[in-house]
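# Geometric and topological summary
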Amino acid sequence: MSSKDAPPPLPEPLGVSVADSHTHLDMQNGTVEEALTKAAAVGVTTVVQVGCDVAGSRWAAETAAAYDAVHAAVALHPNEAPRIVLGDPDGWSRQGAREPGGDAALDEALAEIDRLAALPHVLGVGETGLDHFRTGPEGMAAQERSFRAHIEIAKRHGKALVIHDREAHDDVLRVLREEGAPERTVFHCYSGDAEMAKVCAEAGYFMSFAGNVTFKNAQPLRDALAVAPPELVLVETDAPFLTPAPYRGRPNAPYLIPVTLRAMAEVTGMGEDALATAIAANTARAFGY
């Protein structure tokens, strides 16, 4: 195994336990037990396992039912909605190539997300939202219809809404205003600037920061974190993606949360334990556990 593929070493354990508010254990190497054991060894005692399609959402719900340390969020990722409606000839997603299913297929998938969202181990509806990075104009309608449906599902079941917002800040905020956001709304892998952080804070939206807050070119993210109210800040891995510096490009996992949290503590000027204490309470409040 080259050093690029090798998992980074275990960081120093945190003094105060926290939660990884957004991870994809089904896309990581090794077993769920291994991931949870390594995470707990460094003070990451809870993870929110996030679904991106019907199969992944079912897996998230089952895994959360099986492990006390795991909570689930279920959804169709914004890029999944156009694939269901319009098909996916390139097979870019995990399911491979797919035929177009139209609006009926999207309704069927949303009905399954609705069913899963009612389960007691499912604490969030997400990741849903808008992604203008990978979707052309023809996919936008399917994305927005799916996003609106997920907002309704989250509100009806009293679950947190977990948002994926990629290069779509204004439209995401617009849809939330039009539909009325659920009581608890989390911007996963927060990617806005300081101005948007003020808008989110005003609305009471949680902002979850991932490993990219440590990247050299991420000064706008650090500026956003600096103005985000400490009671609305979460931390996440989005593993296996967005591994924090200095391990960028290597596989991410929940046990690397301390690396990101320490970088965040520097930006906010809070002590590590004070920030961890706030984040632990915020995550429990955001997801209602």
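Here the structure is shown first, and the text comes after it.
A few points on the structure. (Residues numbered from 1 in each chain as written. Predicted model: local features only at pLDDT ≥ 70, side-chain atom pairs only at ≥ 80, totals over all residues. Heavy atoms only, no water.)

Turning to the overall build of the protein, a few remarks are in order. A count of helical and extended segments in the protein gives 10 helices and eight strands. Scaling as 2.2 N^0.38, a compact globule of 289 residues should have a C-alpha radius of gyration of about 19 Å, and the protein matches this with 18 Å. If you line up the protein on its principal axes, its C-alpha atoms span 50 × 45 × 35 Å. Across the protein, contacts joining residues at least 24 apart in sequence account for 71% of those joining residues at least 6 apart. When the accessible surface of the protein is split by element, carbon and sulfur atoms take 54% of a total near 11,900 Å². Taken as two groups, the 24 positive and 40 negative side-chain charges of the protein have centres that lie 2 Å from each other. (Helix = DSSP H or I, 4+ residues; strand = E, 2+ residues; numbered from the N terminus. Rg over C-alpha atoms; globule rule 2.2 N^0.38 Å. Contact = heavy atoms within 4.5 Å. Areas by Shrake-Rupley, 256 points an atom, 1.4 Å probe, with all protein chains shown as cover. Lys, Arg positive; Asp, Glu negative; His and termini not counted. Charge placed at Lys NZ, Arg CZ, Asp CG, Glu CD.)

Moving on, we come to the packing of aromatic side chains. Aromatic ring pairs are described here by two measures, namely the spacing of the ring centres and the angle between the planes. Using the criterion set out here, one finds two aromatic pairs in the structure. Centroid distance Phe-187 to Tyr-205: 5.7 Å. Interplanar angle 35 degrees. Geometry classified as tilted. With Phe-187 in strand E6 (residues 185-187) and Tyr-205 in the loop between helix H7 (194-203) and strand E7 (206-209), the pair connects residues that are 18 residues apart, well separated along the chain. Its relative accessible area of 1% is what places Phe-187 among the buried residues. Residue classification places Tyr-205 among the buried residues on the basis of a relative accessible area of 9%. Summarising the aromatic geometry, the rings of Tyr-190 and Phe-209 are spaced 5.5 Å apart at their centres and angled 45 degrees between planes, so their arrangement reads as tilted. Linking Tyr-190 in the loop between E6 and H7 with Phe-209 in strand E7, this pair joins segments that are 19 residues apart in sequence. (Phe/Tyr/Trp six-rings, centres within 6.5 Å; stacked < 30°, edge-to-face > 60°. Buried < 20%, exposed > 50% of the residue type's maximum accessible area, 1.4 Å probe, protein only.)

So, on to the environment of Ala-276. Among the structural elements, Ala-276 can be located in helix H10 (residues 272-287). Taking the C-alpha atoms as reference, Ala-276 lies 18 Å from Lys-38; in sequence the two are 238 residues apart. When residues no more than four places from it in sequence are discounted, the contact partners of Ala-276 are Val-16, Ser-17, Val-18 and Leu-261.

Angle between the axes and distance between the axes: these two values describe a pair of packed helices. Closest axis-to-axis distance for the helix H2 (residues 54-66)/helix H4 (residues 102-117) pair is 10 Å, and the angle between their directions is 10 degrees. Of the possible angle classes, the one that applies to H2 and H4 is roughly parallel. Counted together, Val-54, Ser-57, Arg-58 and Ala-61 of H2 and Ala-109, Glu-112, Ile-113 and Leu-116 of H4 form the full contact between these two elements. Split into classes, the residues belonging to the contact of H2 with H4 amount to five nonpolar, one polar and two charged. (Axes fitted to C-alpha atoms, helices over the stretch in contact; angles between N-to-C directions. Parallel < 35°, antiparallel > 145°, perpendicular 65-115°, else oblique. Nonpolar A, V, L, I, M, F, W, Y, C, P; charged D, E, K, R; others polar.)

Another point: the nonpolar core. With 71 residues, the main nonpolar core has Phe-147, Leu-176, Phe-187, Tyr-190 and Met-264 as its most contacted residues. The element contributing the most residues to this core is H4, with six residues. Core analysis: the next-biggest nonpolar cluster, separate from the first, contains 12 residues, Val-48, Ala-73, Val-162 and Val-186 among them. (Core = buried A, V, L, I, M, F, W, Y, C linked by side-chain atoms within 4.5 Å.)

In this structure, the largest pocket encloses a volume near 990 Å³. Lining the largest pocket we find 34 residues, and of these His-77, Arg-134, His-164, Arg-166 and Asp-238 sit closest to its centre. Breaking the lining of the largest pocket down by element, the ones donating at least two residues are helix H3 (80-86), strand E4 (122-131), strand E5 (160-166) and helix H8 (219-227). Examining the composition of the lining of the largest pocket, we find that three residues originate from one element, E5, more than from any other. Split by residue class, the lining of the largest pocket holds 10 nonpolar, 12 polar and 12 charged. Its volume calculated, the second largest pocket comes out at about 300 Å³. Lining of the second largest pocket is provided by 15 residues; of these, Pro-7, Asn-29, Lys-38, Pro-251 and Ala-253 occupy positions nearest its centre. (1 Å grid on protein atoms, 1.4 Å probe; cavity = no way out; pocket = protein on both sides within 12 Å on 5 of 7 lines; lining within 4 Å. Points joined across faces, edges and corners; volume = space filled by probe spheres on them.)

Its place among the elements puts Thr-277 in helix H10. Counting along the chain gives 223 residues from Thr-277 to Val-54, while the straight-line C-alpha distance between them is 34 Å.

Burial analysis of strand E1 (residues 18-23) places six of its six residues in the buried class, the great majority of the element. With four bridges connecting them, E1 and strand E2 (residues 44-50) associate as parallel partners. Directly across from Ala-19, in E2, lies its bridge partner Thr-46. Handedness of the crossover joining E1 and E2 through helix H1 (residues 32-41): right-handed. (Pairing = 2+ DSSP bridges. Right-handed = clockwise from strand over helix to strand, strands pointing away.)

Attention now moves to the sheet that holds E1. Strand order in the open sheet formed by eight strands is E1-E2-E3-E4-E5-E6-E7-E8, and the pairing between neighbours is parallel. Every interior strand has two partners, whereas the edge strands, E1 and strand E8 (233-235), have only one. Averaged over all adjacent pairs, the angle separating strand axes in this sheet is 30 degrees, with direction ignored. As judged from the three bridges shared by strand E3 (residues 70-74) and E4, these two strands associate in the parallel manner. From the neighbouring strand, Ala-73 faces E4, where its bridge partner is Gly-124.

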